[in-house]
Amino acid sequence: MAFNFSAFAYIIALIVDAFLIFFSLFHVIAFDELKTDYKNPIDQCNSLNPLVLPEYILHLLFNFIFACSGEWFSLVLNIPLLAYHINRYRTRPVMSGPGLYDPTSIMNADVLTKCQREGWIKLAFYLLSFFYYLYGMIYSLISA
Amino acid sequence: MGTQGHATPLMSQPGNVGIPVQNNLPPLPGGSNPLVRPGFPSNANIQQQRVPSINQDFSPTRANTAMLHGNRYPTIPAQRVSSQPNLQSTYNQQFQPQFVHNQQYNTKPASGYNTPNFNHYQNVSPNQSVVNQGFNKLWGAENYDLLQTANILPPTRIEPPQITLGNDTLNAANCSGEIFRSTVTKIPESQSLLQKSRLPLGILIHPFKDLTHLSVIQCNVIVRCRACRTYINPFVYFVDSKRWKCNLCYRVNDLPEEFQYDPVSKTYGDPSRRPEIKSSTIEYIAPAEYMLRPPQPAVYLFLLDVSRLAVESGYLHLFSKVLLEELVNLPGDSRMQVGFIAFDSCLHFFSLAEGLSQPHEMMVLDIDDVFLPCPDNLLVNLKDRMELVKDLLNQLPSRYNNSYDNNSALGAALQAAHRMMSATGGRVTVFQASLPNVGPGALTAREDPNQRASAEVNNLKPANDFYKRLALDCSSHQIAVDLFIVNSQYVDIATISGISRFSGGCIYHFPLFKFERPILSEKLTNSLRRYITRKIGFEAVMRIRCTRGMSIHTFHGNFFVRSTDLLSLPNVNPDSGYGMQVSIDENLSDVENVCFQAALLYTSSKGERRIRVHTLCLPVVSTLHDVINSADQQCIIGLLAKMAVDRSIESSLSDAREAFINVAIDILSSYKLSLNLGSTPGGLLAPNCLKLLPLYISALLKNQAFRTGTSTRLDDRVQAMFEMKTKPLPWLIQSIYPDLYPVHNLEEQQVILNMMEEPVHVPPHLQLTSRLIDNNGAYLMDTGDHMMLYICSGVSQVFLKECLGVPNFNMLSDQMYEIPTIENQANQRLISLIDYLNSEKPHRATIQIIKDNSPSRSVFLERLIEDRVENALSYHEFLQHIKAQVK
Ligand SMILES: [Zn+2]
């Protein structure tokens, strides 16, 4: 068993993915709180907005490492989400700070449902990829 | 006056019914193209569209894609029109032989509808048997072939439809249609039934309307449901004399002892005698637990643009004059405070400290980091410092005459206002004449004047979020900002309006304002006088509850949505309306009716905490026929207009225009489906309750907010859009489809009594088409805040002499902005008609007399929206387009 660059990539992906799972869990809970009236939309947007870019950058980070280590299949799996992130940020509402969520439109039922669904789908995706990266790590450790 | 409704439809003789020419060209099944419709919620799916055959060679054509994706109405190919020379004549002949039928009007008491140019008739679709028609008429469900019905508009004002709950007491107790309107008066039992009907579901509300009768209750305990906090209302169910069942969440609650006491008869007993149970609009004086802090005083701060453009416009003269006159009528108690800030490239504060002989002006040059030059005396008690305030107002108009400062630091002024008022809350009134170009929130001119007529409109979105963020800060400190825009150049309303839109403010716009221009200065004076003296509610919140199984989907209006059913309104005023889209989440088949309740908690200008509650109850039905026949076309238009504004801003204007057309097509298609006529191609059928929908939609497409092809300044367009979002429904309809009256023969018209019981001759409404403008007539068009009296050259000299005091047409001035008072009956009749029309408006409308040969006649003619103008379809062409698409 030797330690190689692919195994390193998977280890990083595994750790970062664990963070991403927490991010999306937080996202889902935050929107649920909005829906059930526990939180003020301004506060909620203020706590969610600073997390958007870190999440996107973390996701970009391990994909960059995948690219460096030549793990093309793992990269391809992530490309749709990368593209989605870029497009989502490009079409965000007019705002001066970083982030995506605008307290004046977030309470619109369509937006709220969309954000909630986005949170669940990402959570599922990160969970599934967590196991895949685990597998990928073990596989690359063994095959090396 | 509202009791008459429209005329009874006349049955046409079979020979009279022109067979629609389109039937000669049956649509081909071939060329269907998948077309993603950016529709409203009900039709956001992919649909196949049938393309009508345009070419005679029966080949499938895909021209439709271009037609629908175009940015204006698809133009009807010339070939099609020219190949059917009898089309126009069929249409025209339809209404001429029918003049005989107008005896119908004479059978009505006090009817005066016998003018020859006014004939209201309908052709009932030929597809239905006479028996069927009889039945349908009995149920108020007769239908109209729109293409065959030239005069579709009812002669009298269209009243809100009646809601029938199957019980007279409940019907009488239900909320007035002037306050609460629903797009359908019968709620479909499921979302799928709603989707089948293609109707948008929503409510429009005018919660703080000035009311003549309002029951005000002061009690120790306000009876509310313990689970959902609904206020007790006429539609609850009394289990026994001690308990009531909530009509929103169905919880059984205890009734307090106090509630069985009737304050009128001073006896205990049946709880249904209480005013809360008798009326669904009620106001409570709230006990202490409804206050988070002691009720705030009335605080008014005025921010005045004194840049060079502002000084040149001369608005300060009017502002000072009106405010000086109305200072004593400002609503408030002895704690009332006022303050003033002027701004150009710096901020001018006015200290009104005790003992000063005149106001002390302090300039703050640092606009990037705003500070207040002194801690107090900027906002002062009006009663104590009345003389200083008057002194300041007298100085203001000429004080900045020699300033040539081109800059305007609106952002900094707003920040200062926020800082000054954050402890109390209140109202900030901003007068803005030039583009805010320095300091925080500075903007640049984004409008390209060459693109004003283009099909795609850019820059509808705000340029930055400074004003929105500041508005949210203001909102959390109970400050509302109102804008009076008196611009002569682009000021980027799309961006600066954010300060009002999210703080519960209102926006007035006076484009190309100049003090010297009579209509504009009168309009500003009237609006400002109304604005200063009208009722105001401070630190308000409005909660909308609805029966379990339904939910509020999207809100429209100026406020901040704080949670799923709570709107934060730092100020509430009687001239603002709100809209909500509603969705049905659960099946409602096991309930008989559903309710909406709006509760507005506010602090009155006298420092009292009050709750105004409105409850609307609607029956639930299970058939498509019932749903469609319960549609409220005006309310639908009101809601669609609001949705289209969102669509224009978020997506694009062409998307919104396309959605309008699709809504008309979808609704009429689903109506056709509900009739079960099979495949027999009839005309374009619409039920009575939706017969005006295509008319209003074609009017909306030519409205300043949504039109393309006609030069429209960006600010005017954006302001028209925001008016769609905030105007209460009756005024909104009037601005979309103005009322047109013939006034040259008032003596022959119907007489009704006004509020003072005086007789007024009210002519019937005319449709907005030059077909009905007679060269010998005079016509009054009422657009809401402006009226136009259009004088045709052939009008009788007697009319000119008696009504307007001029001997002949040529002597009539082009610059006439009021009706002279002359001692004669004809003049009296005209003036009392105008007064009557004004009596229901928030303030008097301005009036302008237009000759049919003057250059300004285009302002009148462009409102005749049924006619064809350059590149927008006429109403009849629009109907033909719809007809071709209706499946
Ligand atoms: Zn309840």
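A quick note: this is a predicted structure, and the numbers were derived from the prediction, not measured.

Q: Quick one: what's the story with the overall build of chain A, residue by residue and with numbers?
A: When you go through chain A residue by residue, the secondary structure sums to four helices and zero strands. Mapped from its N terminus to its C terminus, chain A presents α and β elements in the order α-α-α-α. For chain A, with 144 residues in total, the buried portion stands at 43%. Long-range pairs, those at least 24 residues apart, make up 76% of the contacts in chain A between residues at least 6 apart in sequence. If you sum the accessible surface of chain A, you get close to 7600 Å²; carbon and sulfur atoms cover 74% of it. Between the mean site of the 8 positive side-chain charges and the mean site of the 10 negative ones, chain A shows a separation of 6 Å.

Q: An account of the UniProt feature "domain: Sec23/Sec24 trunk" (unreviewed entry) in chain B is requested, with residue identities and associated values reported.
A: UniProt marks residues 295-532 of chain B with the feature "domain: Sec23/Sec24 trunk" (unreviewed entry), using the numbering shown here. Helix makes up 33% of residues 295-532 of chain B and strand 18%. Its end C-alpha atoms lie 21 Å apart.

Q: Describe the domain arrangement of chain B, with residues and values.
A: Often, the extent of an interface is quoted as the loss of accessible area upon association of its parts. Residues and elements named next belong to chain B. Partitioning chain B into structural domains gives domain 1 (299-445 + 461-533), domain 2 (635-734 + 875-885) and domain 3 (739-861). Between domain 1 and domain 3, the C-alpha centre-to-centre distance is 37 Å. Each partner contributes to the interface: domain 1 provides seven residues, whereas domain 3 provides eight residues. Both faces combined, the contact of domain 1 with domain 3 buries some 740 Å², and carbon together with sulfur accounts for 68% of it. At the boundary of domain 1 and domain 3, one finds one residue pair in polar contact (both at pLDDT 80 or more).

Q: So what's going on with the coordination of the zinc ion? Residues and values would help.
A: All names here are of chain B. Distances from the zinc ion to its protein donors, Cys225 (SG), Cys228 (SG), Cys246 (SG) and Cys249 (SG), fall at 2.2 to 2.3 Å. In this structure, the zinc ion is coordinated by four donor atoms arranged in tetrahedral fashion, with angles at the metal of 104 to 114°. Read from N- to C-terminus, the donor residues coordinating the zinc ion fall into the pattern C-x2-C-x17-C-x2-C. Placement of the pair is Cys225 in the loop between strand S7 (215-218) and strand S8 (237-240) and Cys249 in the loop between strand S9 (243-245) and strand S10 (252-254), with a sequence separation of 24 residues. We classify Cys225 as buried; its relative accessible area is 0%. By relative accessible area, Cys249 is classed as buried at 16%.

Q: Give a description of the side chain of Arg717 of chain B that names residues and reports values.
A: All names here are of chain B. Here Arg717 lies in helix H21 (residues 714-726). In this structure, Arg717 is buried with no salt-bridge partner, the nearest side chain bearing the opposite charge being Glu447 at 7.9 Å. Not counting residues up to four positions away in its chain, the partners in contact with Arg717 are Arg452, Val457, Leu460, Leu653, Gln704, Ala705, Phe706, Arg707 and Thr712.

Q: Give me the confidence of the model for chain B: which residues, what numbers.
A: Low-confidence regions, as indicated by low pLDDT, have predicted coordinates that should not be scrutinised in detail. All names here are of chain B. Per-residue confidence for chain B averages 83 on the pLDDT scale, and 83% of its residues sit at or above 70. Contacts for the low-pLDDT stretch residues 1-131, under 50 throughout, to residues beyond four places or in other chains number 249 contacts. ipTM for the predicted complex: 0.92, alongside a pTM of 0.85.

Q: Before we move on, could you go through the interface of chain A and chain B and cite the residues and values that matter?
A: The interface is formed by 18 residues belonging to chain A together with 17 residues belonging to chain B. Taking both sides of the interface into account, the surface hidden between chain A and chain B amounts to around 1400 Å²; carbon and sulfur atoms contribute 60%. It is Val94, Thr104 and Met107 of chain A in chain A that bury the most area against chain B; as a group they hold 39% of the surface buried on that side. Where chain A packs against chain B, one counts one salt bridge. Taking the shortest distance from any N to any O, the salt bridge between Asp102 of chain A and Lys468 of chain B comes out at 2.6 Å. Seen at the junction of chain A and chain B, the total is six residue pairs in polar contact (both at pLDDT 80 or more). Broken down by secondary-structure element, the contributors of at least two residues to the side of chain A that touches chain B are helix H1 (5-35), helix H2 (41-69) and helix H4 (109-143) of chain A.

Q: Before we move on, could you go through the pattern of salt bridges and cite the residues and values that matter?
A: Counted by the stated rule, this structure contains 35 salt bridges over all chains. With its nearest N and O atoms 3.7 Å apart, the salt bridge here joins Glu118 of chain A to Lys122 of chain A. Of this pair, Glu118 of chain A and Lys122 of chain A both sit in helix H4, four residues apart, which is roughly one turn of that helix. Among the ionic pairs, Arg534 of chain B bridges to Asp575 of chain B, the shortest N-O distance being 2.9 Å. Linking Arg534 of chain B in the loop between helix H16 (518-533) and strand S22 (537-546) with Asp575 of chain B in the loop between strand S25 (566-572) and strand S26 (578-584), this pair joins segments that are 41 residues apart in sequence.

Q: Give me the lowdown on the packing of aromatic side chains, citing residues and values where you can.
A: Working definition: an aromatic ring pair is given by the centre-to-centre distance plus the angle between the planes. Residues and elements named next belong to chain B. Tallied over the entire structure, the rule returns 33 aromatic pairs over all chains. Residues Tyr300 and Phe538 carry aromatic rings whose centres are separated by 6.1 Å and whose planes lie at 50° to one another, so their mutual orientation is tilted. One end of the pair, Tyr300, is in strand S14 (residues 299-305); the other, Phe538, is in strand S22, with 238 residues separating them in the sequence. Exposure remark for Tyr300: the relative accessible area of 0% places this residue in the buried category. Three or more aromatic residues joined by ring pairs make a cluster, and in this case those are Phe302, Tyr315, Phe319, Phe340, Phe431, Phe484, Tyr508, Phe510, Phe513 and Tyr531. Seen from the ring of Tyr231, Arg224 lies directly overhead, with NZ or CZ sitting 4.2 Å from the centre. The side chain of Lys851 reaches across the aromatic face of Phe809, ending 5.1 Å from its centre.

Q: Go over the pairing of S8 of chain B, please, and point to the residues and values.
A: In this sheet, S9 of chain B lies alongside S8 of chain B in antiparallel orientation, the contact comprising three bridges. Considered in S9 of chain B, the bridge of Asp240 of chain B is made with Arg243 of chain B.

Q: Break down the packing of helix H10 (residues 315-326) of chain B against H16 of chain B for me, citing the residues and quoting the values.
A: Residues and elements named next belong to chain B. The contact between H10 and H16 brings their axes to 10 Å, and the two run at 35°. Two packed elements cross with a definite hand, and for H10 against H16 that hand is right-handed. Packed against H10, whose contacting residues are Tyr315, Leu318, Phe319, Val322, Leu323, Glu325 and Glu326, the element H16 presents Ser521, Leu524, Thr525, Leu528, Arg529, Ile532 and Thr533 at the interface. For the contact of H10 with H16, the residue count by class is eight nonpolar, three polar and three charged.

Q: Pulling in residues and values, what's your account of the environment of His509 of chain B?
A: All names here are of chain B. With respect to the secondary-structure elements, His509 resides in strand S21 (residues 507-509). By relative accessible area, which is 9% here, His509 ends up buried. Along the sequence, His509 and Gln432 sit 77 residues apart, while their C-alpha atoms lie 9.8 Å from each other. Excluding residues within four positions of it along the chain, His509 makes contact with Ile485, Asn487, Ile493, Lys523, Asp715, Asp716 and Gln719. At 3.1 Å, the side chain of His509 forms a polar contact with the side chain of Asn487.

Q: Give me the UniProt feature "transmembrane region" (unreviewed entry) in chain A: which residues, what numbers.
A: The positions that UniProt labels "transmembrane region" (unreviewed entry) are, in the present scheme, residues 7-31, 56-83 and 123-142 of chain A. Between the C-alpha atoms that bound residues 56-83 of chain A the distance is 11 Å, and the span itself is 93% helix and 0% strand.

Q: Can you tell me about the sheet that holds S9 of chain B, naming the residues and giving the values?
A: Residue and element names in this part refer to chain B. Strand order across the open sheet formed by three strands is S8-S9-S10, with antiparallel pairing between neighbours. Every interior strand has two partners, whereas the edge strands, S8 and S10, have only one. Strand after strand, the sheet turns through a mean of 35° between neighbouring axes, direction not considered. Bridge analysis of S9 against S10 gives three bridges, and the strand direction is antiparallel. Within the sheet, the bridge partner assigned to Arg243 lies in S10 and is Asp254.

Q: Outline the sheet that holds strand S34 (residues 786-791) of chain B, listing residues and values.
A: All names here are of chain B. Here four strands make up an open sheet; going across it, the order is S30-S33-S34-S35 and the pairing mixed. Each edge of the sheet is formed by a strand with only one pairing partner; in this case those strands are strand S30 (739-742) and strand S35 (846-851). Across the sheet, the axes of successive neighbouring strands diverge by a mean angle of 20°, strand direction being ignored. Taken together, the four bridges between S30 and strand S33 (residues 778-782) define a ladder with antiparallel strand orientation. Paired with Asp739 across the two strands is Asp782, which belongs to S33.

Criteria and thresholds
- Residues numbered from 1 in each chain as written.
- Chains lettered and ligands numbered in written order.
- Predicted model: local features only at pLDDT ≥ 70, side-chain atom pairs only at ≥ 80, totals over all residues.
- Heavy atoms only, no water.
- Helix = DSSP H or I, 4+ residues; strand = E, 2+ residues; numbered from the N terminus.
- Buried < 20%, exposed > 50% of the residue type's maximum accessible area, 1.4 Å probe, protein only.
- Contact = heavy atoms within 4.5 Å.
- Areas by Shrake-Rupley, 256 points an atom, 1.4 Å probe, with all protein chains shown as cover.
- Lys, Arg positive; Asp, Glu negative; His and termini not counted.
- Charge placed at Lys NZ, Arg CZ, Asp CG, Glu CD.
- UniProt positions renumbered as here; feature names shortened; annotations may be inferred.
- Domains from an automatic or database assignment.
- Buried area = accessible area lost by both parts, 1.4 Å probe.
- Polar contact = N/O pair within 3.5 Å; in protein donor to acceptor, adjacent residues only side chain to side chain.
- Donors = N, O, S within 2.8 Å, 3.2 Å for Na, K, Ca; no water.
- Tetrahedral: all angles 85-135°; square planar, octahedral: opposite > 155°, others 65-115°.
- Salt bridge = Lys/Arg side-chain N within 4 Å of Asp/Glu carboxyl O.
- pLDDT = per-residue confidence, 0-100.
- Phe/Tyr/Trp six-rings, centres within 6.5 Å; stacked < 30°, edge-to-face > 60°.
- Lys NZ or Arg CZ within 6 Å of the ring centre and 35° of its normal.
- Pairing = 2+ DSSP bridges.
- Axes fitted to C-alpha atoms, helices over the stretch in contact; angles between N-to-C directions.
- Left-handed = near helix turned anticlockwise from the far one by under 90°.
- Nonpolar A, V, L, I, M, F, W, Y, C, P; charged D, E, K, R; others polar.

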